[in-house]
Amino acid sequence: MSMPNHQPDSEAATVAHAGPSIDAADADIILRSSDGANFRTYKFILSFVSPVFRTMLSLPQPPGEAAPSSPLPSLTPPIITLQEDGHTLNKLLTPCYPGYGVSLDSLDDLRAVLRAADKYDIQSVLDSVREWMVISPLLQINPLHFYMISCAQGWEAVARLSATKVIETVDFCRLEGAQRYIPEMEDASAGAYHRLLEYRTRCGAAAQRVLEYYNWYDEKTFRQLSECDGLISQYWGGAVPAALCIHGDEVQILRHGSDGSRLM
């Protein structure tokens, strides 16, 4: 990736050195971001990962620009200017190359890369983002955002996992005004949010049944389910015993994230 000489102090200048895999000396196409970062890449890679780029590159391309660093008159490869900024394009294009994965540092990164991957129909990046969401530390911090995003994308497994994290960490009763709204709700259905609230109600009922069973347990009929502690503690009001009497339906709801009903 290279930068025009007239923008040495811009944000794009920082982006320009973020990934050597998108700064090929023998590139046959340049993607230019909205803030002036040049991504020197190959048509065959773009065509392989994206049917949108494949169609775009099948059209006649404008001639490149004069290369000021060359001692002989020459042109750069054709340049296509895109609407995304350099930071987003770097995050989007890097995992298109073999050996590189998705690297997202914030919800803003996640939103921007998903929008771009959807726009250019880059399924490999969408798959990588889905896998990243399952293991991302941001899931524990922003589970409601992850739930809405996964519902909008149709990613059932991520939605179920996110729903369990929502129940563990989000106290709906204490949310007020604007706290009840997040931008990702615009892309998911009202039904998805309704089903999340229904799931919370089922978890509460399951936790209540656990507490009712607790006073007659014996060591042989109880088993340790420490991963349920966070869910049940909201209804217990304090520390939860490590050994809990969980029956079939309660195990399915509290441990696996759903009783089998649809979440998305």
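Our subject is the structure that appears above.
Keep in mind the model is a prediction, meaning the values are calculated, not measured. Residue indices begin from 1 for each chain and proceed along its sequence in written order. Only residues with pLDDT of at least 70 get local features here, since the model is predicted, and only at 80 or more are side-chain atom pairs given and counted; chain-wide, interface and lining totals rely on the full set of residues. Excluded from the side-chain calculations are hydrogens and water; all other atoms, namely the structure's heavy atoms, are used.

1. Section: helix 5 (residues 107-119)
So, point 1. Spanning 13 residues, helix 5 covers 18 Å between terminal C-alpha atoms, matching the ideal 18 Å at 1.5 Å per step.
So, point 2. Accessibility here uses a 1.4 Å probe with only protein chains present; expressed as a share of the type maximum, an area under 20% marks a residue as buried, one over 50% as exposed, and anything in between as partly exposed. Runs of E in the DSSP output that reach at least two residues are strands. Runs of H or I that reach at least four are helices, and both are numbered from the N terminus. When helix 5 is considered as a whole, its buried residues turn out to be Leu107, Asp109, Leu110, Ala112, Val113, Leu114, Ala116 and Ala117.
So, point 3. Aspartate 121, located one to two residues past helix 5, shows a positive phi value of around 55°. Here a helix's expected span is defined as the number of its residues, less one, multiplied by 1.5 Å.

2. What to know about unusual backbone geometry
Excluding glycine, most residues fall at negative phi; most peptide bonds, likewise, are trans.
So, point 1. The backbone of aspartate 121 sits at a positive phi, close to 55°, despite the residue not being glycine.
So, point 2. When you line up the elements, aspartate 121 lands in the loop between helix 5 and helix 6 (123-135).

3. Here's the deal with the nonpolar core
So, point 1. The criterion is simple. A nonpolar core is a set of buried Ala, Val, Leu, Ile, Met, Phe, Trp, Tyr and Cys residues joined through side-chain atoms within 4.5 Å. Among the nonpolar cores identified, the biggest contains 41 residues, and Leu110, Val129 and Met133 are the most heavily contacted of them.
So, point 2. Broken down by element, this core gets its largest block of residues, 6 residues, from helix 5.
So, point 3. Should any heavy atoms of two residues lie within 4.5 Å, those residues are considered in contact. With residues up to four places along the chain from it excluded, the contact list for methionine 133 reads Leu110, Leu139, Phe146, Ile149, Ser150, Trp155 and Val158.

4. Quick look at the packing of aromatic side chains
So, point 1. Only rings of Phe, Tyr and Trp enter the pairing, Trp through its six-membered ring, and a pair is recorded when the two centres are within 6.5 Å. The plane angle decides the type: under 30 degrees is stacked, over 60 is edge-to-face, the rest tilted. With the rule as written, the count across this model stands at 3 aromatic pairs.
So, point 2. Arranged with centres 5.7 Å apart and planes meeting at 35°, the rings of tyrosine 42 and phenylalanine 44 form a pair that is tilted.
So, point 3. Its relative accessible area of 58% is what places phenylalanine 44 among the exposed residues.
So, point 4. Taking the centre distance of 6.0 Å and the plane angle of 35° together, the rings of tryptophan 132 and phenylalanine 146 count as tilted. Of the two residues, tryptophan 132 is situated in helix 6 and phenylalanine 146 in helix 8 (residues 143-153); the sequence distance between them amounts to 14 residues.
So, point 5. The exposure class assigned to tryptophan 132 is buried, which follows from its relative accessible area of 12%.

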